[in-house]
Amino acid sequence: MADAPSGRSLVVDAVTHRYPSGALAVENINLDIKGGEIIALLGPSGCGKTTLLRIIAGFIAQTQGRIIIGDDIVDALPPNKRAVGIVFQNYALFPHLSISENVAYGLAARGIDNVTRQREAQRLLELVQLPTMAERLPRQLSGGQQQRVALARALAIKPSILLLDEPFAALDKNLRLDMQIEVKRLQRVSGITTLIVTHDQEEALSMADRVAVLSHGKLEQFGSPSDVYDRPQTLFVNTFVGSTNRMPGVVVSADRTAAKVRLDAGAEIIARPAGGTLSEGGRVTVCIRPEHLQFVGDETGFAGVIGMSLPLGATVVHEVTTADGSGVKVSQARIGETRALENGAAVRLAPLAPSLANAFPATL
Amino acid sequence: MGAAPASRDVTSYGMGLAAPLALFFLVFFVAPLLQLFWLSLHNDTAGLQWGLGQYLHFLTDPFSLGVLGSTLLLGAEVTAVCLVLGFPIAWLYQRVGPRLQTIIILIVLLPLLTSVVVRTFAWIVILGRQGIINATLQWLGVIDTPLKLLYTQFGVVIALAQVQMPLMTLPLITALGRIDPNLDDASCSLGAGSWRTFFRIVLPLSLPGVIAGCTLTYAAAITAFITQSLVGGGQMLFMPMYLYQQASTLQNWPFAAAISIIFLLAVLAVVSVFTTLGRMSRGYGGA
Ligand SMILES: Nc1ncnc2c1ncn2[C@@H]1O[C@H](COP(=O)(O)OP(=O)(O)O)[C@@H](O)[C@H]1O
Ligand SMILES: [Mg+2]
């Protein structure tokens, strides 16, 4: 797409939205998205992702805040003047129009002549690898094919921003992976600033340049996939993105970069104060991912008893019960012959590195 | 739209289930209809002389053809008024909250909940020389002498449109309700304004409802004996009254029978045009 516009920047500036029913759907969201970036909006169902998307597209007028695309504040523009392309979760293809008419729909609305429209529709259908489907009706296509058409239709208007609302949720697993790769390829080719809404953390981490994690209408963290995964700023992000063990404890001593925590499970470990500074004597929750725990031979770390071991191909996951009775998962890479760990065996566990244990002030 | 749910094809059920209704129709509809047809094939009132005289009479008599024409025209006018007024109501219904929806449905159904006779007399009160409209306009000084509203084509069309409105609005509400609201948004995000979205997306996808509504309204309007006669008065003659006069007053049963058959065929022709349009629009929707 040589003639594609380079993506424009998108700024979500202190946007709050309250529905007439009184529900506070999004609260003071700030996002600063560079042109050409691919961003994932990640959060559990009901956290306000769709609402934010519809605000950016112009279907909902936010209660407070501004939306800025490129250099323009677009709050006063209706959706048909914003040049924002959307792919809906259910594709929303026009059922009575052929595939090529669907793709050309936005061009017709712009008053572009029929010949150019046809040519452009064909070019886009080739781009999404459906060149032979032009004359069919949407219902004659499979889910994945309909999705490609929806994508082609949104790209046809050369939008400055592309929004995708849970685009892959309805596809089965293999097809989903194909489409994720496809969307990423198209995004790279076209350079369009893209916002993907998803509740699937793997999808967010694999596709996006940066991930915005939402919970209950609030922005929890906005950073690169590795920031979000390795340096979560809140307990919510740590538990929602990837899996983690939550271990309660008390702060023994702390400065800005490291905290010594006595775990209820019975050991003192060094952890990273992730959610701001910690006060001595305060209760904390330490999060350690299963793959960041290791078995140790000496007297460091905390003690536990092996419950169950699940061999999951490349890794083995062990359930360990600690001294305070809580369960901890440990994932061990299967390199060569792993040490046989029997049910009921006594073991000691420690984090791989202090930076891989995140301590958050305990709420409640 | 209109496609049967995937669970089970309706055509695969045994036809035996339709037997009671079929029997009912046979005895109370097909048999009288055949009798009517048999009667219409007689040239004399006594029913002794076979022939096509009654049909020839109707089809060569300008007065009779005029009555048929004005009846079919009346149906078209009522249908058009109902469509033009009913579509916005149905459209509005899909875009308001549940409480307003209840109110709209109530208003739409109201004509069905009152007796035809009462409704028709209400229109006489409204449209009469000393009626509500004339009294108000005179009081406002807009007119000096009362307008003739009652016993006019206009009066009949308006009264019938009100009576038949639910037959148009309900199918439209159903059809519009089946359109995925995301289609509206998709169209809008692709740069289409409200009018383009309406004519390219909403209207084509609601066609099955439009056609169902038009068929019902049309058939009901041209056969609405009471409203036609009371609001139309003596000066306006439509097929149902014409038929009634021939049968009851003049006792010319064969001619009345021929009128019935011709009227029936005319209505069937119009309805089949509607259903053909409906079948053509089946290709739309239901994805
Ligand atoms: N039209 C609406 N009217 C009132 N509340 C709504 C409406 N749409 C969504 N909500 C509420 O706003 C919150 C966020 O919804 P939504 O943006 O759809 O979340 P998500 O897309 O992340 O699942 C939810 O609590 C939901 O109940
Ligand atoms: Mg959603």
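Residues numbered from 1 in each chain as written. Chains lettered and ligands numbered in written order. Predicted model: local features only at pLDDT ≥ 70, side-chain atom pairs only at ≥ 80, totals over all residues. Heavy atoms only, no water.

1. Looking at the site of ligand 1
All names here are of chain A.
Part 1: Lining the immediate environment of ligand 1, one finds Tyr19, Ser21, Ala25, Pro44, Ser45, Gly46, Cys47, Gly48, Lys49, Thr50 and Thr51.
Part 2: One nitrogen or oxygen atom from the main chain of Lys49 is found 2.9 Å from an oxygen atom belonging to ligand 1.
Part 3: In isolation ligand 1 offers 560 Å² of accessible surface; the protein chains occlude 58% of this area.
Part 4: Considering every element that reaches the shell around ligand 1, the biggest residue donor is helix α1 (residues 49-57), with three residues. (Near = heavy atom within 4 Å. Polar contact = N/O pair within 3.5 Å; in protein donor to acceptor, adjacent residues only side chain to side chain. Areas by Shrake-Rupley, 256 points an atom, 1.4 Å probe, with all protein chains shown as cover. Helix = DSSP H or I, 4+ residues; strand = E, 2+ residues; numbered from the N terminus.)

2. Here's the deal with the packing of aromatic side chains
Part 1: The tally for this structure, following the rule as stated, stands at 13 aromatic pairs over all chains.
Part 2: Relative to A:Tyr105, the ring of A:Phe94 lies with its centre 4.6 Å away and its plane at 50 degrees, an arrangement referred to as tilted. On the criterion of sequence distance, the pair formed by A:Phe94 in the loop between β6 (84-87) and α2 (99-109) and A:Tyr105 in helix α2 is long-range, its members being 11 residues apart. Accessibility classification places A:Phe94 together with A:Tyr105 in one group, the buried group.
Part 3: Between B:Phe198 and B:Phe199, the aromatic rings sit 5.1 Å apart at their centres with planes inclined by 85 degrees, giving edge-to-face as the arrangement.
Part 4: Given the relative accessible area of 48%, B:Phe199 is considered partly exposed. (Phe/Tyr/Trp six-rings, centres within 6.5 Å; stacked < 30°, edge-to-face > 60°. Buried < 20%, exposed > 50% of the residue type's maximum accessible area, 1.4 Å probe, protein only.)

3. Some words on the side chain of A:Glu37
All names here are of chain A.
Part 1: Residue position: Glu37 is located in the loop between β2 (24-33) and β3 (38-42).
Part 2: For Glu37, a relative accessible area of 9% gives the class buried.
Part 3: A polar side-chain atom of Glu37 sits 2.8 Å from the main-chain amide nitrogen of Lys34.
Part 4: Side chain to side chain, Glu37 and Arg210 meet in a polar contact 2.8 Å long.
Part 5: Sequence-distant contacts of Glu37, that is, excluding residues within four places in its chain, are made with Asp32, Gln187, Ile192, Thr193, Thr194, Asp209 and Arg210. (Contact = heavy atoms within 4.5 Å.)

4. Remarks on the sheet that holds strand β8 (residues 193-198) of chain A
Residue and element names in this part refer to chain A.
Part 1: On the basis of which strands lie adjacent, the open sheet formed by six strands has the order β6-β7-β8-β3-β9-β10 and mixed pairing. Two strands bound the open sheet, and with one partner strand each, they are β6 and β10 (218-223). Here the average twist between neighbouring strands, direction ignored, is 20 degrees.
Part 2: Pairing geometry for strand β9 (residues 210-215) and β10, over five bridges, is antiparallel. (Pairing = 2+ DSSP bridges. Axes fitted to C-alpha atoms, helices over the stretch in contact; angles between N-to-C directions.)

5. Concerning the confidence of the model for chain B
Part 1: With 93% of its residues at a pLDDT of at least 70, chain B reaches an overall mean of 88.
Part 2: In this model, residues 1-6 of chain B is a region of pLDDT below 50 whose contacts with residues beyond four sequence positions or in other chains number 11 contacts. (pLDDT = per-residue confidence, 0-100.)

6. Regarding unusual backbone geometry
Part 1: The backbone of A:Ala83 shows a phi angle near 55 degrees, a positive value even though the residue is not glycine.
Part 2: The phi angle at B:Gln251 is positive, at roughly 55 degrees, despite the residue not being glycine.
Part 3: Tracing the backbone through its elements, the reader meets B:Gln251 in the loop between α11 (239-249) and α12 (253-281).

7. Comments concerning the packing of helix α7 (residues 153-177) of chain B against helix α10 (residues 225-232) of chain B
All names here are of chain B.
Part 1: α10 packs onto α7 with a crossing angle of 145 degrees between their chain directions and a minimal axis gap of 9 Å. Read as a crossing pair, α7 and α10 show a hand that is right-handed. Residues Gly155, Val156, Ala159, Leu160 and Val163 of α7 pack against Thr227, Gln228, Val231 and Gly232 of α10.
Part 2: Taken together, the residues of the contact of α7 with α10 break down into five nonpolar, four polar and no charged. (Left-handed = near helix turned anticlockwise from the far one by under 90°. Nonpolar A, V, L, I, M, F, W, Y, C, P; charged D, E, K, R; others polar.)

8. Side note on the sheet that holds strand β16 (residues 302-312) of chain A
Residues and elements named next belong to chain A.
Part 1: On the basis of which strands lie adjacent, the open sheet formed by five strands has the order β15-β19-β16-β17-β18 and antiparallel pairing. Two strands in the sheet have a free side with no partner beyond their single neighbour: β15 (293-295) and β18 (327-333). Each adjacent strand pair in this sheet contributes to an overall mean axis angle of 45 degrees, direction not counted.
Part 2: Pairing between β16 and strand β17 (residues 315-322): seven bridges, direction antiparallel. Bridge pairing in β17 links Val305 to Thr321.

9. Observations regarding the pattern of salt bridges
All names here are of chain A.
Part 1: By the definition in use, this model includes 17 salt bridges over all chains.
Part 2: Linking Glu37 and Arg210 is a salt bridge whose minimum nitrogen-to-oxygen distance equals 2.8 Å. Note that Glu37 is positioned in the loop between β2 and β3 and Arg210 in strand β9, a separation of 173 residues in sequence. Arg210 matches Glu37 in its accessibility class, with the two residues each being buried.
Part 3: Across the pair Arg123 and Glu120 runs a salt bridge, and its minimum N-O distance is 2.7 Å. Residue Arg123 and its partner Glu120 are located together in helix α3 (residues 114-127), separated by three residues, close to a single helical turn. (Salt bridge = Lys/Arg side-chain N within 4 Å of Asp/Glu carboxyl O.)

10. A closer look at the layout of surface pockets
All names here are of chain B.
Part 1: In this model, the largest pocket occupies a volume close to 350 Å³.
Part 2: Lining the largest pocket are 14 residues, and of these Trp91, Arg95, Asp184, Ser194 and Thr197 sit closest to its centre.
Part 3: Examining the composition of the lining of the largest pocket, we find that five residues originate from one element, helix α9 (residues 194-222), more than from any other.
Part 4: Looking at the lining of the largest pocket residue by residue, the class counts come to seven nonpolar, four polar and three charged. (1 Å grid on protein atoms, 1.4 Å probe; cavity = no way out; pocket = protein on both sides within 12 Å on 5 of 7 lines; lining within 4 Å. Points joined across faces, edges and corners; volume = space filled by probe spheres on them.)

11. Quick look at the environment of B:Ile201
Part 1: By the element assignment, B:Ile201 lies in helix α9.
Part 2: The spacing of B:Ile201 and B:Tyr242 is 41 residues in sequence and 44 Å in space, taken between C-alpha atoms.
Part 3: Not counting chain neighbours up to four residues away, the residues in contact with B:Ile201 comprise A:Phe94, A:His96, A:Leu97, A:Tyr105, B:Leu183, B:Ser187 and B:Arg196.

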